Amino acid sequence: MDALKRTVVAEDTVQYELFWAQPDGSNVTEEHLTRLAEEILAKFAPLLVQYIWQNQPFNLNYRSEKGGVPAHIGGSTQFGENVEDEWFIVYLLLQITEAFPGLAARVEDNDGEFLLIEAADHLPKWLNPDSSENRVFLYRGQLHILPCPSKLSPVGFSKDAAPSVSQALAVLSSHPQICQASPHICSALKKRLNGYPEKIKSGLHRAHCFVPAGIAAVLAQRPQLVAPAVSAFYLRDPVDLQACRSFKTFPPQTSVLTSVTFTRCLYAQLLQQQFTPDRRSGFTLPSHSHPQYRAHELGMKLAHGFEILCSRCRLPSSEPDAPISCNPQWKSFLRSLKSNDYFRGELEGSARYRELMTSAEHFFQRSVASESRSLSPGEEILQSLQSCLPLNLEELRRQEQQLPREDSESWLEITAEDLDHMLQQRTGWRADVGSTKQSQRVEGTEERKGETEEECGYSLVAVSQGMKKFLDAVSSHEGAEVPWGGWRQAFSLDPDSMAGAVDRLLGNKEEELDSDDLDDDANEDSDEEQEEGTSSGTETLNGLRRYMERMDEELMGTKVGQSFNGANSKQADLDNSPPTQGGSGQSQEEQVQPLDLDLNLVTNLLESLSCQAGLAGPASNLLQSLGIKLPANSDPS
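Residues numbered from 1 in each chain as written. Predicted model: local features only at pLDDT ≥ 70, side-chain atom pairs only at ≥ 80, totals over all residues. Heavy atoms only, no water.

Trainee: Even after reading the chapter, I still don't get the overall build of the protein, so can you show me in this structure?
Mentor: Assigned secondary structure in the protein consists of 27 helices and 10 strands. For the protein, the proportion of its 637 residues judged to be buried stands at 38%. A fraction of 77% describes how many contacts in the protein between residues 6 or more apart in sequence connect residues 24 or more apart. Element-wise, carbon and sulfur atoms account for 50% of the exposed surface of the protein, whose accessible area totals about 38,600 Å². (Helix = DSSP H or I, 4+ residues; strand = E, 2+ residues; numbered from the N terminus. Buried < 20%, exposed > 50% of the residue type's maximum accessible area, 1.4 Å probe, protein only. Contact = heavy atoms within 4.5 Å. Areas by Shrake-Rupley, 256 points an atom, 1.4 Å probe, with all protein chains shown as cover.)

And the structure:
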């Protein structure tokens, strides 16, 4: 029932909360948290202002105490198809908690604690979706997980108890070292965030587009508006296309060549859409062989997106809106920008200073000024277009000669080798470590046989040993225990109790099998019952042996045995068996040789891998989970 009380997060949406995790947290006021949110946004404005969000930007607002959750600042962002927006927010939260040590962050999406999913291979056994509530926090730039009490430390909460947010924050602030996640978990998260903040620029794509002059002017002021325009075109419907028959806002006759900055996700969405414009729209595309066909096609699609957005809203009022300087929050926000060197030493009044100031004003209206009504993308476009009027077409056409070069589209093409490399980066390190651990266990003559194989990074002996240990591992209704991070000891089995359980399952007794059938309860069983159970168990085992012998006799007349490899014939000659008469008069039992289980196992696994033709399948997945990596099949036969 506790899971039903959790807040339901919308699909493709990340929700984040920042709590004051200090002993004086009960005295935190709304003014303190609001001022803290402004300081955070101002400090990280250089990253946030220029970032192109897929759907919604990062935002922080004050949230009052509700349902046992203390007052805090937080927000939610719908990242849509671009999951990198979600991980950029995780990076931001880590940086925020490091820059503001008094804050602890909690983040989740519709999958729940997705940070734990990223480090699932290294989590403790007790930690699962049911026991992780209010236990996972980002604090002082690191991932923290509230532990369970143990003999070494009484700090934490039982896995069956869900702490409140206030209780969790109290333990987190008083015992940060004990609550810090293990190095393996932190390393997995760091690996996913590797490359930030430089990854922001590498995730962009610059392309040339022929767009109407009004769109070129709007994008020069607000490059972030390319995201809603692409989404509007990508998710268009017949009603939206009705507005694109005449293009009243952005006539195609004024098209100019300009450089547009997309995210890679937005560029791929725009490029892969197959679309033919309406004849009445005025857009005509050159032939596919034309050197600028791609620029015309991209510009045509982008223009449709802008026109659709403008058709969804009314024209802005002719009365001028109140200037942003009238907002009381703006002055304190501007002071925070200057104290954090947002303007990078630019002289006040210079072109670059005015450009940064315009971006800061738009960012303030969208993310900071929560009391004012946020404009829709179409209203922002029309508002920016009015500020650019009248358009100087001659100046825009002169700028065509000074456009920066387009970025390469090589990232759109992924070969099979590239995909293998990406998968190897994701999971291959486990295979390498596993192969090393397994190869170290090879002793004696097996070391000589495996020298050549180990030079190639794998060992067939490791395959055999790994499979044996996997079969010896403990399994349950939740799955088998994969032998990673140490093997568990094999469980012991009482043959008499097992025989009795099998006998009951076969229906030889009237009583039903329950959960206590395998338990030895000497206090409740009499000596007579124990003797009957032992006798029954012996009879059952004898019956199983006769059944196996009968199966062996039937299989003797078939060719099934030829599909398995027997033991070495030289080894069979060394057996101290009495000589037979006539040389060829051996019995069937003497002709039967023991199977070479290791050779059969490895042979079958290699055949399975060969049939998979390098693709994912049962054999490769099993070997990978065992930490064993085999090379690709280089034998064409």
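Trainee: Help me understand a nonpolar patch on the surface, please; the structure alone is not making it clear to me.
Mentor: Together, Ile414, Leu419, Met422 and Leu423 make up a nonpolar patch on the protein surface, roughly 380 Å² of accessible area in all. Tracing the chain through its elements places Leu419 in helix H18 (residues 416–439). (Patch = residues over 30% accessible without salt bridge, like charges linked within 9 Å, V, L, I, M, F, W, Y side chains within 5 Å. Salt bridge = Lys/Arg side-chain N within 4 Å of Asp/Glu carboxyl O.)

Trainee: For this particular structure, what's the right way to read the nonpolar core?
Mentor: The nonpolar side chains of soluble globular proteins are, as a tendency, buried together. In terms of nonpolar packing, the biggest core is built from 65 residues, with Ile40, Phe58 and Leu93 touching the most fellow members. Element by element, the count of residues in this core is highest for helix H3 (residues 84–99), at nine residues. For Leu93, the residues in contact, after removing those within four places along its chain, are Tyr16, Leu18, Phe58, Ala105, Val107 and Leu138. (Core = buried A, V, L, I, M, F, W, Y, C linked by side-chain atoms within 4.5 Å.)

Trainee: What exactly am I supposed to notice about the environment of Leu615 here?
Mentor: Relative to the helices and strands, Leu615 is located in the loop between helix H26 (597–612) and helix H27 (618–625). Measuring from C-alpha to C-alpha, the distance between Leu615 and Asp420 comes to 9.7 Å, with 195 residues separating the pair along the chain.

Trainee: Any chance you could explain the pairing of strand S4 (residues 103–108) here in plain terms?
Mentor: When a strand is regular, its side chains alternate between the sheet's two faces. The buried count for S4 comes to six of six residues, which makes it a mostly enclosed element. Residues of S4 alternate between two faces, with Leu103, Ala105 and Val107 on one and Ala104, Arg106 and Glu108 on the opposite face, all of them buried. Sheet analysis places strand S1 (residues 13–20) next to S4, joined by six bridges and oriented antiparallel. Directly across from Glu17, in S4, lies its bridge partner Arg106. The pairing of S4 with strand S5 (residues 136–139) spans two bridges and is classified as antiparallel. Note on S5: the bridge partner recorded for Ala104 is Tyr139. (Pairing = 2+ DSSP bridges.)

Trainee: Can you walk me through a negative patch on the surface in this structure?
Mentor: On the surface, a cluster of negative charge is contributed by Glu11, Asp12, Glu81 and Asp111. Within the element layout of this structure, Glu81 appears in the loop between strand S3 (72–78) and H3. (Lys, Arg positive; Asp, Glu negative; His and termini not counted. Charge placed at Lys NZ, Arg CZ, Asp CG, Glu CD.)

Trainee: What exactly am I supposed to notice about the packing of aromatic side chains here?
Mentor: The relation between two aromatic rings is expressed through the spacing of the ring centres and the mutual angle of the planes. Scanning all chains against the criterion turns up 13 aromatic pairs. A ring pair is formed by Tyr16 and Phe58, whose centres lie 4.9 Å apart and whose planes are at 20 degrees; its orientation type is stacked. Of the two residues, Tyr16 sits in strand S1 while Phe58 sits in the loop between helix H2 (45–48) and strand S2 (61–63), which places them 42 residues apart along the sequence. Summarising the burial analysis for this pair, Tyr16 and Phe58 share the class buried. With a centroid separation of 5.5 Å and an interplanar angle of 20 degrees, the aromatic rings of Tyr91 and Tyr196 are classed as stacked. (Phe/Tyr/Trp six-rings, centres within 6.5 Å; stacked < 30°, edge-to-face > 60°.)

Trainee: I would appreciate a short explanation of helix H16 (residues 377–388) in the present structure.
Mentor: Turn by turn, an α-helix covers 3.6 residues, leaving residues three or four places apart pointing in a common direction. If you check H16, its first and last C-alpha atoms are 17 Å apart, about what 12 residues at 1.5 Å a residue would give, namely 16 Å. Packing partners of the buried residues in H16 comprise helix H9 (213–221) and helix H13 (293–311). (Expected span 1.5 Å × (residues − 1).)

Trainee: Hey, could you run me through the pattern of salt bridges in this one?
Mentor: Pairs can form between side chains of opposite charge once their charged atoms are near each other. On inspection of all chains with the given rule, the structure shows 11 salt bridges. A salt bridge links Glu84 to Lys199; its shortest N-O distance comes to 3.6 Å. A residue pair is termed long-range when its members are at least 10 positions apart, and Glu84 in helix H3 and Lys199 in helix H8 (residues 198–202) qualify at 115 residues. Using a relative accessible area of 23% as the deciding quantity, one classes Glu84 as partly exposed. If you follow the salt bridges from partner to partner, you end up with Glu84, Arg192 and Lys199 in one network.

Trainee: Teacher, can you tell me more about the sheet that holds strand S6 (residues 142–145) here?
Mentor: Note on sheets: strands pair through backbone hydrogen bonds, and any given pair is parallel or antiparallel. Taken in spatial order, the six strands line up as S2-S3-S1-S4-S5-S6 in an open sheet, and their pairing is antiparallel. The sheet is open, and its two edges are formed by S2 and S6, each paired on a single side. Across this sheet, the average inter-strand angle for adjacent strands is 35 degrees, counted without regard to direction. With respect to the sheet, helix H1 (residues 30–43) is in contact with S1, S2, S3 and S4, its orientation differing from that of S3 by roughly 45 degrees. (Axes fitted to C-alpha atoms, helices over the stretch in contact; angles between N-to-C directions.)

Read these as spatial facts, not as claims about activity.
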